[in-house]
Amino acid sequence: MSGLSDTELSSISHSLYGHEGMTVYRQVIACRREFPTLSPIVENFNFNDGRQERMICLKGTVNMYFRGETYNAPVKIFLPKTFPNSSPFVYIDPARNMRVSDKVANYRFDGLVMHEYLDRWNRMNSHLVGLIEMLSMLFSQHAPVFQVSAAEQQPPPPQQQQQQYNFGRSYSNSTSSSNHQHQDIDEDAQMQAIILQSLKTRGAELVEKRLLEEEVVRGKAMDDLITEAQTLSFGTSTIVDMMEKLDDDINTTREQRNELQRMKAEADRSLETASSGDVNWDDAVRGRTPVETQLIRLVAEDSAMKDTIDKLRDLFEKEIIELEEFLKEVRKIAREQFRIRMLINKTQHVIVGM
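Residues numbered from 1 in each chain as written. Predicted model: local features only at pLDDT ≥ 70, side-chain atom pairs only at ≥ 80, totals over all residues. Heavy atoms only, no water.

Caption draft 1: Broad picture of the pattern of salt bridges. Within this structure, the stated rule accounts for 17 salt bridges. A salt bridge links Asp310 to Arg313, with the nearest nitrogen and oxygen atoms 3.0 Å apart. With Asp310 and Arg313 both in helix α9 (residues 290-317), this residue pair falls three residues apart, about one helical turn. Here the salt bridges share partners, and the residues they tie into one network are Glu259, Arg262 and Glu266. (Salt bridge = Lys/Arg side-chain N within 4 Å of Asp/Glu carboxyl O. Helix = DSSP H or I, 4+ residues; strand = E, 2+ residues; numbered from the N terminus.)

Spelled out as structure tokens, the structure:
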């Protein structure tokens, strides 16, 4: 299930959550990037007082780990209108032949997940990504669902179906009695049921993934062999070219060393002049030739552009400017900075050749 596109998600986030729409959008996008098995949809949520609210819901599976293997736990995560100031509603969403485990205090009979992370939710320190990571650890420690017999797979009465995701319902006597009958089910048996269910849904995906991995490995090995053969074919000529290049590098290094020694001597003289207090600051930032003066100006411009980009990044991280405005300004500055750095490189070559 692909869920909402980025454009649809942005529009719906601003429509349903008002001024918090951008925060909701960014958190959901981060979840989709980190956990591709969860997809954003729009779904109605029924409260126990009869109210119905349209919410963004993350529907899909969360990874859980058992005996070195990875399995899928089905969930629905509803984002109320007060999100991110209040916590989401997290529900286990079992398949038809599965039921929510009642052996753990964190899982309510209707699938609602209760945890300290949700109880202590606050917008400054809580995030959807952190919530899903917590769910993965919780599900790995305590299986959220178990398999039931064919007789128990009958759909619930209409009233129960309508209130499947109601928030805050109390237990009914008949439901509590039925749930207690499952308390003696062995946890390994539950996990075996989960394994069977997960293998059915993920088998083809794992096979395809491993075939692709083998193809990539073999392709890389073949590329390495071809590259090695091409490198060896150069033989003596390659070594000779390398030696000639090394000689050129040595000569260039010597020239640069001599130039640095000359510049150091000039710097020492400038320091002596500065110490005497007789300094012409216009001359201090001017080169010996027009080309060197141009190089100084170009380097100053490059540094100023770098500082501007850093300031724009700070403004974006503090959410003072939007992403579109940030990218627009950075692209404009980067193009000019590229031109300046090309001129710097060209000017440096001219100076070395003088």
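Caption draft 2: Main features of helix α10 (residues 323-353). Taking 1.5 Å as the rise per residue, α10 with 31 residues should run 45 Å; its terminal C-alpha atoms sit 44 Å apart, in good agreement. On its buried face, α10 is in contact with α9. (Expected span 1.5 Å × (residues − 1). Contact = heavy atoms within 4.5 Å.)

Caption draft 3: Seen up close, the packing of helix α1 (residues 6-17) against helix α2 (residues 21-34). The geometry of α1 relative to α2 is characterised by a closest axis approach of 8 Å and an angle of 140° between their N-to-C directions. One element, α1, and the other, α2, form an angle in the oblique class. Considering only the axes of α1 and α2, their crossing is right-handed. In this structure, α1 contributes Asp6, Leu9, Ser10, Ser13, His14 and Tyr17 to the contact, and α2 contributes Gly21, Met22, Val24, Tyr25, Val28, Ile29 and Arg32. (Axes fitted to C-alpha atoms, helices over the stretch in contact; angles between N-to-C directions. Parallel < 35°, antiparallel > 145°, perpendicular 65-115°, else oblique. Left-handed = near helix turned anticlockwise from the far one by under 90°.)

Caption draft 4: Geometry of the sheet that holds strand β2 (residues 52-66). With antiparallel pairing, the four strands of this open sheet are ordered in space as β1-β2-β3-β4. With partners counted over all chains shown, the strands left at the sheet margins are β1 (38-46) and β4 (89-92), one partner each. Direction aside, the axes of adjacent strands within the sheet are offset by 35° on average. In terms of strand pairing, β1 meets β2 through nine bridges, oriented antiparallel. In the strand pairing of β2, Phe45 is matched with Glu53. Against the sheet, α1 contacts β1, β2 and β3 (69-79), and its axis sits at roughly 125° relative to β2. (Pairing = 2+ DSSP bridges.)

Caption draft 5: Here's a closer look at the packing of aromatic side chains. Counted by the stated rule, this structure contains ten aromatic pairs. Ring centres 6.1 Å apart and planes at 55° place the aromatic pair Phe45 and Tyr91 in the tilted group. Here Phe45, found in strand β1, pairs with Tyr91, found in strand β4; they are 46 residues apart in sequence, far enough to count as distant. Here Phe45 matches Tyr91 in class, with each residue buried. Judged by centre distance (5.8 Å) and plane angle (45°), the ring pair of Phe83 and Trp121 falls under tilted. Taken together, the residues span a long stretch of sequence, with Phe83 in the loop between β3 and β4 and Trp121 in the loop between α3 (116-119) and α4 (128-141) at a distance of 38 residues. The residues Phe83 and Trp121 share a single accessibility class, namely buried. Cluster of aromatic residues (ring-pair linked, three or more members): Phe45, Phe47, Phe78, Phe89 and Tyr91. Looking at Arg51, its charged tip hangs above the ring of Phe47, at a distance of 4.1 Å from the centre. (Phe/Tyr/Trp six-rings, centres within 6.5 Å; stacked < 30°, edge-to-face > 60°. Buried < 20%, exposed > 50% of the residue type's maximum accessible area, 1.4 Å probe, protein only. Lys NZ or Arg CZ within 6 Å of the ring centre and 35° of its normal.)

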